[in-house]
Amino acid sequence: MKICIPTFNRSNILLNKTLVTLKNNNIDSNLIYIFVVESEYELYKSIIGDEYNIIVGVFGLVNQRNFIENYFDAGEHLIMLDDDVSEIDLSMTEYISLKEFFN
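This one's a predicted model, so the numbers in the text were calculated from it and none came from an experiment.

**Overview of the packing of aromatic side chains**
Part 1 of the argument: With the rule as written, the count across this model stands at 9 aromatic pairs.
Part 2 of the argument: Here F35 and F72 contribute two aromatic rings whose centre-to-centre distance is 6.2 Å and whose plane-to-plane angle is 75 degrees, an arrangement assigned as edge-to-face. Residue F35 is located in strand β2 (residues 32-36), and its partner F72 is located in the loop between α4 (61-71) and β4 (78-80); the two are separated by 37 residues in the primary sequence.
Part 3 of the argument: The class for F72 is buried, based on a relative accessible area of 10%.
Part 4 of the argument: With 6.2 Å between their ring centres and 45 degrees between their planes, F101 and F102 make a pair best called tilted.
Part 5 of the argument: Among the residues examined, F101 registers a relative accessible area of 38% and is labelled partly exposed.
Part 6 of the argument: On the accessibility criterion, F102 (12% relative accessible area) is buried.
Part 7 of the argument: Joined through ring pairs, the aromatic side chains of Y33, F35, F67, Y71 and F72 make up one cluster.

Next comes the structure, spelled out in structure tokens:
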């Protein structure tokens, strides 16, 4: 399983929302892949650091999502998240944790 987050020009939002949400739910940072455009790679690297996989993709959300699907091997389970997720409500599911839900 890979958690894929396309983002553009929102490094602080990503850091303070989605990455905090995932960290608070004990999601292993090695499973998280952040897709950025080449011109923002260094900025994201400086703000987010080496804890996450930062991948240079392509410009445009639709193009980036297509790039992500083709980046991984066929059959790989991918979870796409937005870069501004501040909470994931599992109350209407049978799952007790985000990790269990993802698996």
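**Here's the deal with unusual backbone geometry**
Part 1 of the argument: A positive phi angle is found at N9, which is not glycine, with a value near 60 degrees.
Part 2 of the argument: The residue N9 is located in the loop between β1 (2-6) and α1 (11-16) in this model.
Part 3 of the argument: Note on N9: relative accessible area 56%, which makes it exposed.
Part 4 of the argument: The backbone of N26 shows a phi angle near 60 degrees, a positive value even though the residue is not glycine.
Part 5 of the argument: Locating N26 in the fold gives a position in the loop between α2 (18-24) and β2.

**Side note on the environment of K23**
Part 1 of the argument: Inspection of the secondary structure assignment puts K23 in helix α2.
Part 2 of the argument: Distance in space between the C-alpha atoms of K23 and F35 is 18 Å, their sequence separation being 12 residues.

**Quick word on the nonpolar core**
Part 1 of the argument: Membership of the largest hydrophobic core comes to 18 residues, with the highest contact counts inside it found for I3, L22 and I32.
Part 2 of the argument: Going through the elements one at a time, β1, α2, β2, α3 (41-48) and α5 (98-102) are the ones with two or more residues in this core.
Part 3 of the argument: With 3 residues, the single largest contributor to this core is β2.
Part 4 of the argument: The contact partners of L22, leaving out residues within four places of it in the chain, are I3, I5, I27, I32, L81, L98 and F102.
Part 5 of the argument: Core analysis: the second largest hydrophobic core is formed by 6 residues, C4, Y33, F35 and I55 among them.

**Section: the layout of surface pockets**
Part 1 of the argument: What the largest pocket holds in volume is close to 190 Å³.
Part 2 of the argument: The wall of the largest pocket is formed by 13 residues, among which P6, T7, F8, L61 and D83 lie closest to the centre.
Part 3 of the argument: By residue class, the composition of the lining of the largest pocket is 6 nonpolar, 3 polar and 4 charged.

About the thresholds
Residues numbered from 1 in each chain as written. Predicted model: local features only at pLDDT ≥ 70, side-chain atom pairs only at ≥ 80, totals over all residues. Heavy atoms only, no water. Phe/Tyr/Trp six-rings, centres within 6.5 Å; stacked < 30°, edge-to-face > 60°. Helix = DSSP H or I, 4+ residues; strand = E, 2+ residues; numbered from the N terminus. Buried < 20%, exposed > 50% of the residue type's maximum accessible area, 1.4 Å probe, protein only. Core = buried A, V, L, I, M, F, W, Y, C linked by side-chain atoms within 4.5 Å. Contact = heavy atoms within 4.5 Å. 1 Å grid on protein atoms, 1.4 Å probe; cavity = no way out; pocket = protein on both sides within 12 Å on 5 of 7 lines; lining within 4 Å. Points joined across faces, edges and corners; volume = space filled by probe spheres on them. Nonpolar A, V, L, I, M, F, W, Y, C, P; charged D, E, K, R; others polar.

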